[in-house]
Amino acid sequence: MQRAKRDDRDRLEQRKVRLRRALVCAAAVPAVLITAACSSDSGDSKPKSDGASASKSASDSTSPSASSSPTAAPGAYKTLPNACKALSSKTLGDMVPKADTSGKKGGSDEPSSRASCSWSSLSNNGVKGSQFRWLNVSLLRFDSDAARGSADAQAHTYFTNQVKDAQSVSGAKNAKVSAVSGTGDEATSVRYDLSKKEGLFKQETLVARVENVVVTLDFNGAGLAGDKTPDPDDLAKSAQKALKETVDSVSSANSGGGSGSSSADPSTKPSGSASPSASSKKS
């Protein structure tokens, strides 16, 4: 009997303990909800735009400003040499014997951006006929421009177009294209034969880019009135020497400025605008 009473007391005590626990938990739930609600209200009490502003501000601090977009680096060369003085008297004497070494200046020259000069000679060999030679040097300089790109990139594009033009001359035969080493940043030789009513002409067109300047050199020769046709390899050797001399004159005209070696990008690398249009044809 006593044992039964003890069991009843124990069960009663256990129910009390469980009841107290339930009351404590029930009392705790509203507190948690209130706390959560207060936290939520405190967050909502701030203007929502503040959060957006903070986010935008952080984004702005990590994003480059549109006004800070990079600009193209200026061209290395600021002027051009006098095209009629780009070659030495000795070189001219070898290539165009008996020619007036002062040359014929291009009519559309703009001293700082475009220059050209030409020489011609006719050596009479009596009953054997005569030898004709013609030499032309053209220089084009480009300036960097926000719309057109860097000076070097513009020059590279013009260089490429000049080489293409030389390969597409009407009537040209036996064309041969080859790279020219050791001259400027890039250089190419285009050789071909051209038949005219006067005779067979051997043509050498060389194009070189040195930083933001493009040099185009045309040299041709023919044996007239029965004289023998000039050796194309001899013409090529003389033309390449003259090309290098002209490229060196660009550096000299700018007090040695520019690298004269492979430049940074032709995306090529790899150009105010180019003073002349990049589509201009050689004189």
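A quick note: this is a predicted structure, and the numbers were derived from the prediction, not measured.

What counts and what doesn't
Residues numbered from 1 in each chain as written. Predicted model: local features only at pLDDT ≥ 70, side-chain atom pairs only at ≥ 80, totals over all residues. Heavy atoms only, no water. Helix = DSSP H or I, 4+ residues; strand = E, 2+ residues; numbered from the N terminus. Buried < 20%, exposed > 50% of the residue type's maximum accessible area, 1.4 Å probe, protein only. Pairing = 2+ DSSP bridges. Salt bridge = Lys/Arg side-chain N within 4 Å of Asp/Glu carboxyl O. Core = buried A, V, L, I, M, F, W, Y, C linked by side-chain atoms within 4.5 Å. Contact = heavy atoms within 4.5 Å. Polar contact = N/O pair within 3.5 Å; in protein donor to acceptor, adjacent residues only side chain to side chain. 1 Å grid on protein atoms, 1.4 Å probe; cavity = no way out; pocket = protein on both sides within 12 Å on 5 of 7 lines; lining within 4 Å. Points joined across faces, edges and corners; volume = space filled by probe spheres on them. Phe/Tyr/Trp six-rings, centres within 6.5 Å; stacked < 30°, edge-to-face > 60°.

Attention now moves to unusual backbone geometry. For Asn174, which is not a glycine, the phi torsion comes out positive at approximately 55°. Relative to the assigned elements, Asn174 resides in strand E4 (residues 173-179). Judged by relative accessible area, which is 59%, Asn174 ranks as exposed. Located in the positive-phi region is Ala225, a residue other than glycine, with phi close to 55°. Along the polypeptide, Ala225 turns up in the loop between strand E7 (213-224) and helix H5 (232-253).

Counted residue by residue, strand E6 (residues 199-210) has 11 buried out of 12 residues, so it is predominantly covered. Direction of pairing for strand E5 (residues 186-196) relative to E6: antiparallel, over a ladder of 11 bridges. Residue Thr188 lies in a different strand from E6, and its bridge partner there is Val207. Across 10 bridges, E6 lies against E7 in antiparallel orientation. Paired with Leu206 across the bridge in E7 is Leu217.

In this section: the pattern of salt bridges. Inspection of every chain in the model, using the stated rule, returns 8 salt bridges. Of the charged contacts in the structure, one is a salt bridge between Glu204 and Arg191, with a shortest N-O distance of 2.7 Å. On the criterion of sequence distance, the pair formed by Glu204 in strand E6 and Arg191 in strand E5 is long-range, its members being 13 residues apart. Where Asp248 meets Lys244, a salt bridge forms, and the shortest distance between an N and an O atom there is 3.5 Å. Taken together, the positions of Asp248 and Lys244, both in helix H5 and 4 residues apart, correspond to about one turn of that helix.

In this section: the nonpolar core. Counting residues in each nonpolar core, the largest one holds 30 residues, and the members touching the most others are Trp119, Leu135, Leu139 and Leu217. When residues of this core are traced back to their parent elements, those giving at least two are helix H3 (89-95), strand E2 (114-124), strand E3 (130-141), E6, E7 and H5. What Leu139 contacts, discounting residues up to four positions off in sequence, is Leu80, Pro81, Ala83, Ser113, Arg114, Ala115, Val214, Val215, Thr246 and Val250.

Attention now moves to the side chain of Glu204. Here Glu204 falls in the buried class, since its relative accessible area comes to 1%. There is a polar contact of 3.3 Å between the side chain of Glu204 and the side chain of Ser189. Not counting chain neighbours up to four residues away, the residues in contact with Glu204 comprise Ser189, Val190, Arg191, Leu217, Asp218, Phe219, Pro232, Leu235, Ala236 and Ala239.

Among the structural elements, Pro81 can be located in the loop between helix H2 (48-62) and H3. C-alpha separation for the pair Pro81 and Pro111, spaced 30 residues apart in sequence, amounts to 7.8 Å. Residues within four places of Pro81 in sequence aside, it is in contact with Ala115, Leu139, Ser249, Val250 and Ala253.

Before going further, it helps to examine the layout of surface pockets. Reported here for the second largest pocket is a volume of approximately 160 Å³. Considering the residues around the second largest pocket, the lining is formed by 13 residues, among which Arg133, Pro230, Asp231, Asp234 and Leu235 are closest to the centre. When residues of the lining of the second largest pocket are traced back to their parent elements, those giving at least two are H3, E3 and H5.

The tally for this structure, following the rule as stated, stands at 2 aromatic pairs. Here the aromatic rings of Phe132 and Phe201 are separated by 6.0 Å at their centres, their planes lie at 75°, and the arrangement is edge-to-face. With a gap of 69 residues between them, Phe132 in strand E3 and Phe201 in strand E6 connect regions that are remote in the sequence. Taking the relative accessible area as the measure of exposure, Phe132 reaches 23% and is therefore partly exposed. Residue Phe201 is classed as buried on the basis of its relative accessible area of 6%. Residues Phe142 and Tyr158 carry aromatic rings whose centres are separated by 5.6 Å and whose planes lie at 50° to one another, so their mutual orientation is tilted.

It is worth stressing that arrangement in space is one thing and function is another; only the former is reported here.
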